[in-house]
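Chain by chain, the residues:
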Amino acid sequence: MKEIIDVGLKTRKVGPDIAGPKTDMLVVGRFSDGKGLNKLEKELNSRLDGAIDRLIKLSDFKAKEGTSAVVYGSDRTGAKRILLVGLGEKKKATLDTVRKAAAIAAKRGVELKAKTVSLALHNVFGGRFDAAAMGRAMGEGAYFGSYRYDEFVTESENGRLDRLKVEVIDSDSAKIRKLTKGLSCGTAIGRSQSYARTLANRPANVINPPALAAEARKLARGLKNVSCTIFDEKQLKAKGMGGVLAVGAGSKSEPRFIALKYSPAGKAVGKPTVALVGKAITFDSGGISIKPAPNMDQMKLDKSGGIAVLGTIKAIAELGLPLNVYGIVPSAENMPGGSSYRPGDIITTYSGKTVEVLNTDAEGRMILCDGLAYAVKQKCDVIIDIATLTGACMVALGKYMAGLMGNDDKLIKQLQKAAEDSGEKVWPMPSGDEYAKEMKSKIADLKNTGSKWGGACTAAAFLGQFVGDTVWAHLDIAGMDIFTKATEYTAEGSTGFGVRLLTTYLMNLLEK
Ligand code: BES
Ligand code: MN
Ligand code: ZN
């Protein structure tokens, strides 16, 4: 199988003549409300006999967010191409503006087969953001933008780059030091997000639960301070993980329960132990309550939550964060068949609670409840679950934000802050007692579906029954990783949503 595009990221100190260095593509940021040309644009413009001026005067490029324009260099510029990237209105700019601009640059670089892309994006922000934070954002963005999933494409018309070199250029040594620090953090996070995207994008005939468990084991081996426990079907039976077993019963591929533990010896004393619990349904056909045919292929992405957890463990272990973190990933394939679980079945879950199955397509909550109960048994202080859980969440919020529910205001606020910082957006939704009441069964403790309304909220309320008094939040990412189209920032397919958000949440815990 073909490797994904390898991204090499570094800083380069250039002379005071920042318009001069040799590169395949020099990337310059521009605000839509900027008056005239900035210093770097002026220098380039004069070497190109007014080409940038002409472009702007023709209004071919208005520097709106998400847009870019190529100007070709001459022998008076070191750059073969100059990419102007629109940053939108100056007062609205955030670190996400920097991240997205780097993503556009990397995406255009790959499309135009520019081997070296030199980012001079940060300069126009002046002192508004810390240089390290901008370095991190550019690193994350470079990975995000250059990513494409093509490991099974054997016949492509024009070939593609195997390696993209991205360098952040500056003439100031102190700034370079900060940028370098930020870039190395952005590299760990960006690379982990790309890792997650590839795992998520792999189809269900390639990644089934045992294959995912093998990936997790391989991941743990390659990281420092990460151990990996895997339960196979026999062990799931011995433990009484009835939810995972029920959902996995209809598939030829056995279910697995994956528990990674990142525990940096000695470093995490006095810090909370956080459990990340992710849904990894390697294919969701709906089971006996089978889904309609159109777009069913997209349900290979129903493992995205679990994979975001693996990606986050990779990132924090590479960063060496001083925290104890569990990565708990129950995995099954939801298929119809002679041995499938059925509507009407009553399942005893790992917690001891019984669940009446009313719809086998509400399978995410059936595996997550065992994952949550496991996290409680490990005495974790905080539990965050992440799942492509409901179509209802997508109906409510669309494709730009994940639903956020939970039982603790402080945790909700921390996740909202992490969303702002990471650019992976969330929106708070309710899931209180009224919703929980809908999930009570007459013949078991709970049932796995509620009424017609508020499906994202009742699903969350169901999960909330399995965390006891533990501080808990739930992220419904159904709209974020399934049915995603290519944008100006990145390719179609999995976005790896959650890796940046959860890693940022964990990094922010260390800031106080
Ligand atoms: N994986 C789906 C949720 C989903 C649907 C994600 C469409 C993205 C796009 C989940 O397992 C599911 O099927 N949920 C059902 C729940 C219902 C049966 C209560 C749903 O949302 O329809
Ligand atoms: Mn389903
Ligand atoms: Zn599902």
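What you are looking at is a predicted structure, and each value in this text was computed from that prediction instead of being measured.

Describing the domain arrangement of the chain
Domain annotation for the chain reports domain 1 (6-198) and domain 2 (212-396 + 438-511). The straight-line distance from the C-alpha centre of domain 1 to that of domain 2 is 36 Å. Contact with domain 1, which involves 22 residues of that partner, is made by 23 residues of domain 2. Surface buried jointly by domain 1 and domain 2 totals about 2100 Å² across both partners, of which 59% is contributed by carbon and sulfur atoms. Of all residues in domain 1, Gln193, Tyr195 and Arg197 bury the most surface against domain 2, accounting for 27% of the area lost on that side. Inspection of the domain 1/domain 2 interface yields two salt bridges. A salt bridge links Arg191 to Glu318, with the shortest nitrogen-to-oxygen separation between them at 3.1 Å. Scanning the region where domain 1 abuts domain 2 turns up 10 residue pairs in polar contact (both at pLDDT 80 or more). Among the elements of the structure, α3 (95-111), α4 (131-146) and α5 (173-201) are those that each provide at least two residues to the side of domain 1 that touches domain 2. Per element, the largest residue contribution to the side of domain 1 that touches domain 2 is nine residues, and it comes from α5.

A look at the packing of α3 against α4
Packed helix pairs are specified by the crossing angle of their axes together with the interaxial distance, meaning the distance between the axes. Between α3 and α4, the least distance of the axes is 7 Å, while the angle of their chain directions is 40°. Between α3 and α4, the angle is such that the two are oblique. Between α3 and α4 lies a crossing of right-handed hand. Contacts from Leu95, Val98, Arg99, Ala102, Ala103, Ala106, Lys107 and Val110 in α3 reach Ala133, Met134, Ala137, Met138, Glu140, Gly141, Ala142, Gly145 and Ser146 in α4. Looking at the contact of α3 with α4, its residues break down into 11 nonpolar, three polar and three charged.

About the cut-offs
- Residues numbered from 1 in each chain as written.
- Chains lettered and ligands numbered in written order.
- Predicted model: local features only at pLDDT ≥ 70, side-chain atom pairs only at ≥ 80, totals over all residues.
- Heavy atoms only, no water.
- Domains from an automatic or database assignment.
- Contact = heavy atoms within 4.5 Å.
- Buried area = accessible area lost by both parts, 1.4 Å probe.
- Salt bridge = Lys/Arg side-chain N within 4 Å of Asp/Glu carboxyl O.
- Polar contact = N/O pair within 3.5 Å; in protein donor to acceptor, adjacent residues only side chain to side chain.
- Helix = DSSP H or I, 4+ residues; strand = E, 2+ residues; numbered from the N terminus.
- Axes fitted to C-alpha atoms, helices over the stretch in contact; angles between N-to-C directions.
- Parallel < 35°, antiparallel > 145°, perpendicular 65-115°, else oblique.
- Left-handed = near helix turned anticlockwise from the far one by under 90°.
- Nonpolar A, V, L, I, M, F, W, Y, C, P; charged D, E, K, R; others polar.

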